[in-house]
Amino acid sequence: MYGDATDAELLEESGVERATLVVSTIPDYSINLFLLNHIKQKNPQAIIVLHGDDPTEAAKLYEAGATYVVLPHYIGSEKVSAFISKSGLSKSAFTKERKAHLDYLEKHYGALGKLEESQSKKLGRSIVASMASITKAK
């Protein structure tokens, strides 16, 4: 579904009152707080996982009743720590993980194509800027 996450009618259409688990990756505290309060009222048994930008937001969402709050920086550092604990300082392990990550980024986001496009645009601007400088100098 696509729509405004603070639209109670949309939330009802989505079936949050019957959901076992609701996960919000929306990075807006006020929207997540609205979702939390709405879902707690309609479905107090639901597991509610929300996004938090910092520890203060996470604490506020926990205090308001969130089941779990995802802090991307915390989870990222935990994942890197677990990877290092498992793989040690093996450069080949990092290289393998790097390849898997790049493959994922390309498959899901077309990131490599966008990178090439971005680099091409930067190069084009640089050439135009250099030619403009040469023209002014004459």
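Source: prediction; values computed, not measured.

Read from one edge of the open sheet, three strands run 1-2-3, paired in parallel fashion. A strand with exactly one partner marks an edge of an open sheet, and here the two such strands are strand 1 (21–23) and strand 3 (68–70). Going from strand to strand, the sheet's axes swing by 15° on average, the running direction of each strand aside. Pairing of strand 1 with strand 2 (residues 47–51) involves three bridges; the strand directions are parallel. Considered in strand 2, the bridge of Val23 is made with Val49. Helix 3 (residues 55–64) contacts strand 2 and strand 3 of the sheet and is inclined by roughly 160° relative to strand 3.

Chain-level statistics for the protein chain give a pLDDT mean of 85 and a share of 84% at 70 or above. With pLDDT under 50 throughout, residues 124–133 is counted as low confidence; its partners more than four residues away or in other chains account for zero contacts.

What describes a pair of aromatic rings is the distance from one ring centre to the other and the angle between the planes of the rings. Taken as a whole and assessed by the stated rule, the structure comprises three aromatic pairs. Note on Phe83 and Phe94: the rings are 4.9 Å apart at their centroids and 85° apart in plane angle, and the pair reads as edge-to-face. Pair noted here: Phe83 is in helix 4 (residues 72–87) and Phe94 is in helix 5 (residues 91–109), with a separation of eleven residues, a long-range link. For Phe94, a relative accessible area of 36% corresponds to the partly exposed category.

On to the nonpolar core, then. Ranked by internal contacts, the top residues of the largest apolar core, which has 16 residues, are Leu36, Ile39, Ile48, Leu50 and Ala66. Listing elements by their share of this core, those giving two or more residues are helix 2 (29–42), strand 2 and helix 3. Once residues within four sequence positions are removed from consideration, Leu50 is found in contact with Ser24, Asn32, Leu36, Leu61, Ala66, Tyr68, Val69 and Val70.

What counts as what
Throughout, residues of each chain are indexed from 1 in the direction in which the sequence is written. Local features in a predicted model are, by the rule used here, given only for residues with pLDDT of at least 70; side-chain atom pairs are given and counted only at 80 or more, and totals for whole chains, interfaces and linings are based on all residues. Working from all heavy atoms in the structure, the side-chain values ignore hydrogens and water. Strands are labelled as partners when DSSP assigns at least two bridges between them. Strands here mean DSSP runs of E at least two residues long; helices mean DSSP runs of H or I at least four residues long; both are numbered from the N terminus. Lines fitted to C-alpha atoms define the axes, with helix axes restricted to the stretch in contact, and inter-axis angles between N-to-C directions lie between 0 and 180 degrees. In this description, contact between two residues means that some pair of their heavy atoms is separated by no more than 4.5 Å. Scored from 0 to 100, pLDDT records how confident the predictor is in each individual residue. For this analysis, a ring pair means two rings from Phe, Tyr or Trp (six-membered ring only for Trp) whose centres lie within 6.5 Å, classed as stacked if their planes differ by under 30 degrees, edge-to-face if by over 60, and tilted for the remaining angles. Classification of residues uses two cut-offs on accessible area relative to the type maximum, computed with a 1.4 Å probe and protein chains only: under 20% is buried, over 50% is exposed, and between them is partly exposed. Remark: nonpolar core denotes a set of buried residues (Ala, Val, Leu, Ile, Met, Phe, Trp, Tyr, Cys) joined through side-chain atoms within 4.5 Å.

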